[in-house]
Structure formats: C-alpha cells, structure tokens
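Coordinate inspection notes
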Amino acid sequence: MAGIQLVGVNKRYGGTEIIPEFNLEIESGEFLVFLGPSGCGKSTLLRMIAGLEPVSAGQIRIGGQDVTASAPGERDLAMVFQHYALYPHMTVRENMAFGLRNVNVPAAEIDRRITEAARMLELEGMLARKPIQLSGGQRQRVAIGRAVVKEPGAFLFDEPLSNLDAALRNRTRVELARLHQRLKTTMVFVTHDQVEAMTLASRIVVMNRGRIEQMGTPIEIYRKPATRFVAGFIGSPAMNFIDAIPVAAEADCIKVRLADGTELQTGVPTQAARKDAKLVAGVRAESLTLDDASPVRGRADVIERLGERTLVYVTLSNGHSVVAQAHRESPVASGDLVGLHFEPEHVHLFDEAGLAWHAA
Amino acid sequence: MCICLMKPGLPGMPHKGAAMTTTLSALPAAARASSQPKVKGVQHWSNALFVLPFVLVYIALLVVPVVTGLWLSLNDVDVLSGDRAFIGLANFARLWHDDIFRGAIRNTFLFVLMTTPAFVALGLALALALNRQDRVGTALRTIFFGSSVLSVTIVTLVWRLVFMTDKGLLANVMHSLGLASINPLTSSALALPAIALVTVWWIIGLPMMLFLAALQQIPEEIYEAAAMDNAGRWRTFWSITLPQLRKTVALVAIIEVILQFQLFGQAQLMTNGGPNNSSRPLVQFIYEAGFQQWALGYSAAAAQVLFGLMLIGVALQMWISKRGQTQSGEST
C-alpha cells in the first residue's frame, strides 16, 4: 500500500497547457476516482502517475519517494488499461507471469500468485488460453489479474469498464469494489461515468479543463456540488437549472423570482450568497415533485416510467424545460397541466461565476 | 425457417406502393417447394458470374502456360523446323547429368540462402530504426525505398562502376586502406555474393515497408503494459515485438524465396553467369537453353525443376512457420 502525492504537477504540449499546477494527496488504501468529461486531462494525469507520460513540471511521490524521473516499471504500480493491453501471443498464465519474470520472482512464487489471483477472479479454467479465445469480460479480468499478481503499492485503472456492455460493466464494477475491500490497496480510477465514480470511490476528484472542480466523497459531491459544472455533471437525470433573480430575504434565507414571475423560497442563507443581480436555481429531479397546489406550473411533455419512479419532463410557461420526479404509479399523462413543488432545502443557487450556494 | 419477402404494392391493396409482407411459412407447402429451389439456383449462377472474369484470366495466363510448359518438357522441340517429338523424361535425365545445370541449381540455392535471411534481418532492422514519426524518419524511409523503383539495368550499371577494377569506388576505398584492389565480379568466390549484395541494396525497401506496416499495427498500449511490467528494451523486442511480427517474417521470407529463386537480370548484366559459371542462376540457364540454343523442351524441363524447387521451398517455409505457431499454441 502506498499513498501518492502530486505536487505542482504541470503538463504542456508545446505551448498548450493541458494541466496547470495540480496538487493532490491520495491517501494510502484509498479508492480515488478522477471523474470528468473527455479531454479534461484525467487520463493524462493517470499516465503521468504511471510514468507513461513525462511531467512538464512538478513532482510525483509514491510511498513518500520521488518517482518523477523513474521508469514506469520502477514505481511499484500496476495499471489496467482501457483496451486490456494483454499480450496477444501469450497465454493468460504467461500474461500474468511476464511482469514477475522481469523482476526475477522465483517460479514457485509466480505460480502461487497466479493460482491465487486466478481463484479470486475465477480465471482458473482459462490459464492456458490466449486472449483471443476470451470474451471481453474475461479479458478485463485477466488484465486485472495481471495487475493483482504484481502485488503493487497502488493500482491505476484507465477507464477499464468502458469497453464492456452494460450488464458486464455492472458485474465488473462490483468485482472491483470487492477487490478493493479484500486487498485494501490504493486504487486510482479514471472514468467519465458518474455511476462508476459514485459507486466505487471513497473520494471523487471532479476535473474540468485540467483543474480540480471539486474533491470529496460521492455523497458530498452529489449533495453539495461546488460549482454549476459539477452539479450538471453529477446525477442522472442532470440537475435542473432555472434562471432566477433574488428578491427580499425571508427568514434569513434567499427568495428568488423565476422567469415566469413566481417566487421561490430557498434554504440558502442570505449572508452566504453573493448579492449578484442574476442567479441560477438548481434542483434535482427527486427534489422537484408534482403538486397541483403549487403556483409554478407547466405542461408535461414526456413521461418516463422507470419502474421504481416516474420522470416527468415539464415545459414551464417561459419555455424552460425541467425534469420532475413522480411516484412510480403516478397517473400523470403527456399533455397534462401540472404544478411543481420545489423542496427549499434542496434548491441550490449558482452565482454568475458558477459557484454554488447551498441550504444550511 | 421463416423467410419474409417484401413485395411492392399489388393491385387492389389499400395503399398503392405500400409494402406487403408475406411470410413463406404461411404459404402452402407446394408453393414453397416450387419457389425456393428456383430462387436458390438463380442466385448460385449469378454468383459464379462474379468470379468468371478472374477464372478465365487465371486459366489463360497461368494454367495453360503451366500445362504447356509441362508438356513441352516431355518433348524434343525444334523451334526452327517446328518439329516436335515426345521423348518422355529424357530431358530430365539429360539435366541430371548436365554439370552446368547442377551448378546453376547450386548457385541459385546459395543465392537464396545469402539473400533471404539478409532481407528479413536487414528489413526488420531498418524498419525498427525508421519506425518514427518525424521528418528524418520519413526522409530515410523514402531514400531506402527509393532504390526499389530503379530498373535492374540502372542498378547493375551503378554497381559495375562501383566494382570497376582499379577505378571503381570499391577499388578507391581499398587503395585508401592500403589494400590491393579487387573486382568481386571477376572472382569465382565473390561474384555470387557481390550479386547478392547488389540485390539486397536494390530491393531492401519492400521488406522494410512490410515490417514497418506490421510494426505500426502493434497497439501502443501493449508497449505501455510492457513498460509497466518492467520489460527493458531487449526484453520488449524479444517478448513483444518479434512474436507480433512472426507472420510478417514468414511473409517476407516466402516472398523473397520466390523472388530470389528467379534471379536473372543482375547475373546476366553483371557477370553473364561467370566467371567459370560461378554465378549462373537457374533462370539464366533456362533462358540460354531456350532462347540461345533454341532447345525449348530442354529449357522447359529446367523450368519445371525450378518450379518444383520453389514449390518445395515455399511449402517448407509455410510448414516451419505453421509448426512454430502450433508449438506456441497461437490460434489462427
């Protein structure tokens, strides 16, 4: 187990700065997920930790040692790649043994580790097969097994589930969670899939344009997104954003006026928010429910019945579209005029800089 | 099995032009029996028409000449009088006792043994060195491939100048080193190796390009995985790159065996088979027998021997490469 520190890490390609000064401390044994859209620099960051990409400036420490200039194989890391990166001409056993032979691990020890990893990942019957004879899920398990047998200080995962179909992705996700519980080794995982991040991470680093937008536990990030970017990126369906203008404070909390003239009481303390002329109110679908008594009204366009709940896409009188949640057996139908109830304690406000203000 | 046919709108259908779906399984059995084989037969013949042009050209340009050559080899043919007499295997028996023919076979084999490993090793070495995406790499790849487009007359002319006694580049280099100059083309021991050198210089570009194409097919992620697995440069080459290139190595070897068995132009233009028949290849023997001595049957018999040798050589290569794959358990 090893902690990882990134100190002032910077990456440039020519004159283009991909990652400005980046500082992060990954605790030993932590499951940290870099989450962000394509091109935000999360994979580059992981590759810099792995040593596959040189850093332009800054320092990378693994287990307290400066490894900035070390070769990838000397960093006590194992990496699982997006496209598996198995050696196609080697059997599963040879794939797993290759890295160990390179560092002269005794044959008996190699056999012991492979047997153990194969049992853990249910690869016992496949050790003599070539990667081409395996399914996508099996290949990914072999790639994980190849990393496990190295018994590294930390695991790096570069979008390892993105090539799998939905059912297999869910299963492999659970297997990864179990693996972390069993090994208790530091794991750094890169993904653009918020479900993977939310379910696996002990801490999420949300990235945008090479910078950290927010860092925290999955629930912190979901409940109190630091910026409008994070609020929109995390959660499915995405958070609803509605333009709003602050009006007189009531009960120490900000009240805003929506574009259709209705006023909305929030739980955001008055002293917390900046006194911007324009704000954006954000509310998740599960905090926006149908209520015929509410003055905020709109027409239901599309009804999505998901089994455990119903999502209702509503067009407000000013043309804004929002998603509300209804009971799974709600009788609401497309074309119905509906009222929307906002839960004040779950309404977030975003100022013009995109910073968020939450209910106390 | 249920086959659905989409038919255009029929008269009397509610919407003109609307598609109607008919399920064959719903049709009477007799109707199915009469319609299915007919459709199948029509498809079968139309499919054959697609390959017919190729088959015709193949028969005209390959099968007919091969069969004609085989037939000629069993005959004593007088080109001038047009007389032809069937003599069975007499031409082959004569070849067996012909010292020059046996020498030509020996020379051809030696030439293939000298050039083919060089094409594989040098082609791979050049490809590895020039597998880089910069201007220098591009320029060097163009230069190395450039010689392949030259004609055999130009190449042999240039190299005859290089090897020229006392005045050539080789002689000048040897003089500058304080050594006596030598023209390898006039030496029985060096003539064939000199032709082999010229041939490798001339067409090394093709194997290099084949290896480059194969190298660029190897995913970068595999090398990254090897780097994470602590593999050094040599370990990566032997354990990752080379096994990935096995099929290309076999391809290059087979292509070169076929090509180099047919050595002719360089030997004809640089040494004319000499000195003392030491560089006369089989194709030159065939040419001289057929078009200088006008012994077409004898020449055709020698050509059959070359054909057989090439067939054996290629079969051997394919067997070796296939055996290698089986031993390593590679699936095809």
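Residue numbers here run from 1 along each chain, matching the order of that chain's written sequence. In the order they appear in the text, chains get letters beginning with A and ligands get numbers beginning with 1. Local features in a predicted model are, by the rule used here, given only for residues with pLDDT of at least 70; side-chain atom pairs are given and counted only at 80 or more, and totals for whole chains, interfaces and linings are based on all residues. Side-chain calculation: all heavy atoms of the structure are included, whereas hydrogens and water are not.

Overview of the overall build of chain B
Numbering of helices and strands runs from the N terminus; a helix is a DSSP stretch of H or I covering at least four residues, while a strand is a stretch of E covering at least two. Looking only at helices and strands, chain B features 14 helices and four strands. Here the term buried applies to any residue with accessible area under 20% of the maximum for its type, exposed to any over 50%, and partly exposed to those in between, with areas from a 1.4 Å probe on protein chains only. Each of the 332 residues in chain B was classed as buried or not, and the buried ones make up 36%. Contact between two residues is taken to exist if any of their heavy atoms lie within 4.5 Å; hydrogens are not considered. Taking as baseline every contact in chain B between residues at least 6 positions apart, the subset at least 24 positions apart corresponds to 63%.

Focus on the packing of helix α2 (residues 92–102) of chain A against helix α3 (residues 107–120) of chain A
Residues and elements named next belong to chain A. Orientation of α2 relative to α3, taken along the N-to-C sense of each, is 135°, at an axis distance of 10 Å. One way to sum up the angle between α2 and α3 is to call them oblique. Note that α2 runs across α3; the crossing there is right-handed. Across from Arg 93, Met 96, Ala 97, Leu 100 and Arg 101 in α2, the residues of α3 making contact are Ile 110, Asp 111, Arg 113, Ile 114, Ala 117 and Ala 118. Fitted lines through C-alpha atoms serve as axes, helices being fitted only where they are in contact, and the angles separating the N-to-C directions of these axes extend from 0 to 180 degrees. Angles below 35 degrees are treated as roughly parallel, those above 145 as roughly antiparallel, those between 65 and 115 as roughly perpendicular, and all remaining angles as oblique. The hand of a helix crossing depends on one turn: near helix anticlockwise from the far one by less than a right angle means left-handed, and clockwise means right-handed.

A few points about the UniProt feature "domain: ABC transporter" (unreviewed entry) in chain A
UniProt positions are given in the numbering used here, feature names are shortened, and annotations may be inferred rather than shown by experiment. Feature annotation in UniProt assigns "domain: ABC transporter" (unreviewed entry) to the following positions: residues 4–234 of chain A. The span residues 4–234 of chain A is 36% helix and 26% strand, and its two end C-alpha atoms sit 25 Å from each other.

Some remarks on the pattern of salt bridges
Residues and elements named next belong to chain A. Salt-bridge detection follows one rule: a side-chain nitrogen of Lys or Arg within 4 Å of a carboxyl oxygen of Asp or Glu. For the coordinates displayed, the defined rule picks out 19 salt bridges over all chains. Put simply, Glu 159 and Lys 42 hold a salt bridge, and the shortest N to O gap is 3.9 Å. Of this pair, Glu 159 sits in the loop between β7 (154–158) and α5 (166–183) while Lys 42 is found in helix α1 (residues 42–50), placing the two residues 117 residues apart along the sequence. Grouping residues by exposure puts Glu 159 and Lys 42 together as buried. The partner of Arg 113 in a salt bridge is Glu 109, with the nearest N and O atoms 2.9 Å apart. Placement of the pair is Arg 113 and Glu 109 together in helix α3, with a separation of four residues, close to one helical turn. Taking relative accessible area as the criterion, Arg 113 reaches 15% and is therefore assigned buried. One network of salt bridges, with partners in common, ties together Glu 109, Arg 112, Arg 113, Glu 116 and Glu 151.

Concerning the pairing of strand β17 (residues 310–316) of chain A
All names here are of chain A. A large share of β17 lies buried, amounting to five of its seven residues. Any two strands with at least two DSSP bridges between them are considered paired. For strand β16 (residues 297–305) and β17, the ladder comprises seven bridges, and the chain directions are antiparallel. The residue of β17 that forms the bridge with Arg 305 is Thr 310. Where β16 folds back onto β17 in an antiparallel hairpin, the turn is made up of four residues, including Gly 307, whose phi is positive at roughly 100°. The sheet contact formed by β17 and strand β18 (residues 321–326) spans six bridges and is antiparallel. The residue bridging Val 312 from the neighbouring strand is Ala 324, located in β18. Between the antiparallel neighbours β17 and β18 lie four residues, among them Gly 319 with a positive phi of about 95°.

Thoughts on the interface of chain A and chain B
Contact residues are listed per partner, giving 29 residues for chain A and 19 residues for chain B. Two parts placed together each lose some accessible area under a 1.4 Å probe, and the buried area is that loss summed for both. Both sides of the chain A and chain B interface together cover about 2,000 Å² of buried area, and 56% of this is carbon and sulfur. When the buried area of chain A at its contact with chain B is split by residue, Tyr87(A), His89(A) and Phe98(A) rank highest and sum to 26% of it. Within 3.5 Å is the distance limit for a polar contact, defined as a pair of N or O atoms, with the added protein rule that one can donate a hydrogen and the other accept it, and that residues adjacent in sequence qualify only through two side-chain atoms. On inspection of chain A and its partner chain B, the count reaches 13 residue pairs in polar contact (both at pLDDT 80 or more). Listing elements by their share of the side of chain A that touches chain B, those giving two or more residues are α1, β6 (77–80) and α2 of chain A. The biggest single contributor to the side of chain A that touches chain B is α2(A), with four residues. Residue composition of the side of chain A that touches chain B, by class: 16 nonpolar, seven polar and six charged. Side-chain classes are defined by residue name, with Ala, Val, Leu, Ile, Met, Phe, Trp, Tyr, Cys and Pro counting as nonpolar, Asp, Glu, Lys and Arg as charged, and the others, Gly among them, as polar.

Points about the nonpolar core
The set of buried Ala, Val, Leu, Ile, Met, Phe, Trp, Tyr and Cys residues whose side-chain atoms join them within 4.5 Å is what this entry labels a nonpolar core. Membership of the largest hydrophobic core comes to 46 residues, with the highest contact counts inside it found for Leu176(A) and Phe189(A). With near-sequence residues (within four places) excluded, Leu176(A) lies in contact with Phe31(A), Ile144(A), Phe157(A), Leu161(A), Phe189(A) and Leu200(A).

Concerning empty space enclosed by the protein
Detection works on a 1 Å grid of protein atoms alone, calling trapped sets that fit a 1.4 Å probe cavities and calling open sets with protein on both sides within 12 Å along at least five of seven lines pockets, with lining residues defined by an atom within 4 Å of a point. Grid points are joined across faces, edges and corners, and a volume is the space filled by probe spheres set on the points. Enumeration according to the criterion identifies two cavities of 30 Å³ or more in this entry. Put simply, the largest cavity is a space of about 50 Å³. In this structure, the largest cavity is lined by Ala78(A), Met79(A), Arg146(A), Ala147(A), Lys150(A), Ala225(B), Met228(B) and Asp229(B). Contributing elements (two or more residues each) for the lining of the largest cavity: β6 and α4 (136–148) of chain A together with α9 (220–228) of chain B. Counted by class, the lining of the largest cavity contains five nonpolar, no polar and three charged residues. Of the voids in this model, the second largest cavity is the one considered here, and its volume is about 30 Å³.

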